[in-house]
Amino acid sequence: MIGIAERGAFLRHRHRLSWAESVPWIAAVAAFFLFPSYETLGAQVLIMVLFALSLDLILGYAGIISLGHAAFFGIGAYTAGILSAQGWGEPISGLVLAAIVAGIAGFISGWAILRTTGLTLLMLTLCFAELLREIANEQEHYTGGDDGLRGIRMDPIFGVFEFDLFGETAYLYCLAVLFIMFVVARAIVHSPFGQSLTGIRENIRRMHAVGAPVHLKLVTIYAISAAMAGVAGALLAQTTEYVGLTVLSFIRSGDVLIVIILGGFGRLYGAFIGAPLYMVLQDQLAKQSPEYWLFGIGLVLVVVVMFAPRGVLGLLEDLGARFRRDSR
Amino acid sequence: MTALALETRALSKNFGALPVAQAIDFRLASGARHALIGPNGAGKTTFINLITGALKPSSGSVHLAGADVTALSQAARVKRGIARTFQINQLYRGLSVLENVCMAIAERTGAARAMFRPIGRRGEVIDEALAILELLSLGDDADRLIRELPYGRQRLVEIAIALGLKPRVLLLDEPAAGVPTAESHVLLDVIESLPAEIAMLIIEHDMDVVFRFAREITVLVAGEVLVVGTPSEIAANERVREVYLGKKTRHG
């Protein structure tokens, strides 16, 4: 029998910070000092974490499956890239503009395609990204087309911190932006709005029956997710000072989906496990076998989906729960 | 004359060539206890879906408290005080009982639009949900997940969610469906104890339940209203016996 005062404790306490949430941040800061020669790769991992986090908002919470999330990553990358190539090198304003442009694109495309579900929606997300890639390919004058966009020169952050050759500034810049985006994402998923997204994922019919504006909610989170993906793309453009057509590619959309499935979706932190795991795996497998590394990725994915459908994070949670039971 | 909570005028719906609702004129007074009966496939659930706006009618109109809501969305009708339960549970199975009810309350109060301040810190929403659970003796199950709950108690959560919307009109689609007879009395006790001012329409196959609950009964056959009357009138009606009650007794 539960005491009346404790009823609802689960819901009342769920949003509270737990000590475990500090682990990825400590690890990210520690990595900066421990692996100084890997900071360029580290920045790329952080960008992937942010990109996967944006996908988690729509996939893990609202249940929207996308095979074209690179569309918004690419829009952000080209927005920040073109802005800088045209002579505006201030990074923060570049990020903000990238978020706005990607967010608007997410809102408009979401409004059009989120009335569909399942396979139709999946194909439409894919088509939208491919369409953008073709446009970027054609508009060579602005995007550099197949050769990629060159001539990006970034000013120092806040006019003080210059981007260095070793990627130190880039790493810390990405980490700071990721942290801010994470705080926003965390607030959203625990808010009543975020809770109602979970409701849409769990039972859309019931959601209509309680009077929720389902389509508007879906479009809203899609736009927020798009803006966040746009920031990730912009970070890539700014820290590598290059934008190629691959930012919009189907492969990138697939990569981020694999990352979030590996890590575990619907819990925000899946991105933090999935991204480094995937990128290290990719790096190591490619070293072992430059031809067949994709086979290895495929194998790992099959094993995870079959034996750990909630991803590595889900596996860790189950182990943690068992450990706590045993030690009681 | 009592005010009408709900009215349909010549409400019709065709699925292709198949008419599933034929010019249904229906009136539900404030505080009514009305039962909708009819053989399987008579169009009872379709009628509910037309009232809530889950389906668009082919012709005719739906009025809530005197206002034409035919053009309004499902969500807008809920805001005007219409709530329903489903014949087959439509719950958030992976969420707790409390979260299920909070979902309805947050939508009703507009809290669900907010992207800041966690739901867990919104005492007003949680306390209201707990009060509803208490009313339906679900309080001890507040933190349990729906999928861990016995079916009979899940049926109660269906009603709890509807109550979270503070409805003026409550549509109950076979509330005791799938619940063993031994447990179904709990559900019926709950339904009978609901506030008198809520106008209720119940779809039910169990005639004991219908005659215990309803003060007025509508018999629907093949999408058409066969007859409307008090329980004793319906029980005495020859045509009803023929198409519905008679058949039922013959087959057991």
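Everything quoted here is computed from the prediction, not taken from an experiment. (Residues numbered from 1 in each chain as written. Chains lettered and ligands numbered in written order. Predicted model: local features only at pLDDT ≥ 70, side-chain atom pairs only at ≥ 80, totals over all residues. Heavy atoms only, no water.)

1. Description of the interface of chain B and chain A
Taken residue by residue, the interface counts 41 residues in chain B and 35 residues in chain A. For the pairing of chain B and chain A, the buried interface totals around 3300 Å² over both sides, and the portion due to carbon and sulfur atoms is 58%. Among the residues of chain B in contact with chain A, Tyr92, Met115 and Asp140 of chain B are the three that bury the most area, contributing 19% of the side total. Its salt-bridge partner being Arg14 of chain A, residue Glu99 of chain B comes within 2.6 Å of it at the nearest N-O pair. The tally of links between chain B and chain A comes to 20 residue pairs in polar contact (both at pLDDT 80 or more). Within the residue set of the side of chain B that touches chain A, elements represented by two or more residues are α2 (74–79), α3 (97–109), α4 (123–135) and α5 (151–164) of chain B. A class-by-class count of the residues in the side of chain B that touches chain A yields 21 nonpolar, six polar and 14 charged. (Contact = heavy atoms within 4.5 Å. Buried area = accessible area lost by both parts, 1.4 Å probe. Salt bridge = Lys/Arg side-chain N within 4 Å of Asp/Glu carboxyl O. Polar contact = N/O pair within 3.5 Å; in protein donor to acceptor, adjacent residues only side chain to side chain. Helix = DSSP H or I, 4+ residues; strand = E, 2+ residues; numbered from the N terminus. Nonpolar A, V, L, I, M, F, W, Y, C, P; charged D, E, K, R; others polar.)

2. Side note on the environment of Leu55 of chain B
Residue and element names in this part refer to chain B. You can see Leu55 is positioned in the loop between α1 (44–52) and β4 (59–64). Sequence spacing of Leu55 and Arg33 is 22 residues, and the spatial spacing of their C-alpha atoms is 24 Å. Setting aside residues up to four positions removed in sequence, Leu55 forms contacts with Phe15, Thr46, Asn49 and Leu50.

3. Overview of a negative patch on the surface
On the surface, Glu134, Glu138, Glu140, Asp146 and Asp147 of chain A cluster together to form a negatively charged patch. Of note, Glu138 of chain A is situated in helix α6 (residues 118–138). (Patch = residues over 30% accessible without salt bridge, like charges linked within 9 Å, V, L, I, M, F, W, Y side chains within 5 Å. Areas by Shrake-Rupley, 256 points an atom, 1.4 Å probe, with all protein chains shown as cover. Lys, Arg positive; Asp, Glu negative; His and termini not counted. Charge placed at Lys NZ, Arg CZ, Asp CG, Glu CD.)

4. Notes on the side chain of Ser84 of chain A
Of note, Ser84 of chain A is situated in helix α4 (residues 70–85). Setting aside residues up to four positions removed in sequence, Ser84 of chain A forms contacts with Gly89, Gly151, Ile152, Arg153 and Met154 of chain A.

5. Things to note about helix α15 (residues 311–327) of chain A
Residue and element names in this part refer to chain A. The end-to-end C-alpha separation of α15 is 25 Å, in line with the 24 Å expected for 17 residues at 1.5 Å each. Where α15 is concerned, the buried positions are Gly311, Leu313 and Gly314. Axial view of α15: buried residues confined to an arc of 100°, hence all on one face. The exposed set on the far side of α15, more than 90 degrees from its buried face, consists of Leu319, Arg322, Phe323, Asp326 and Ser327. Here the buried face of α15 lies against α12 (250–263), α13 (270–288) and α14 (293–307). (Expected span 1.5 Å × (residues − 1). Buried < 20%, exposed > 50% of the residue type's maximum accessible area, 1.4 Å probe, protein only. Arc of directions from axis to C-beta.)

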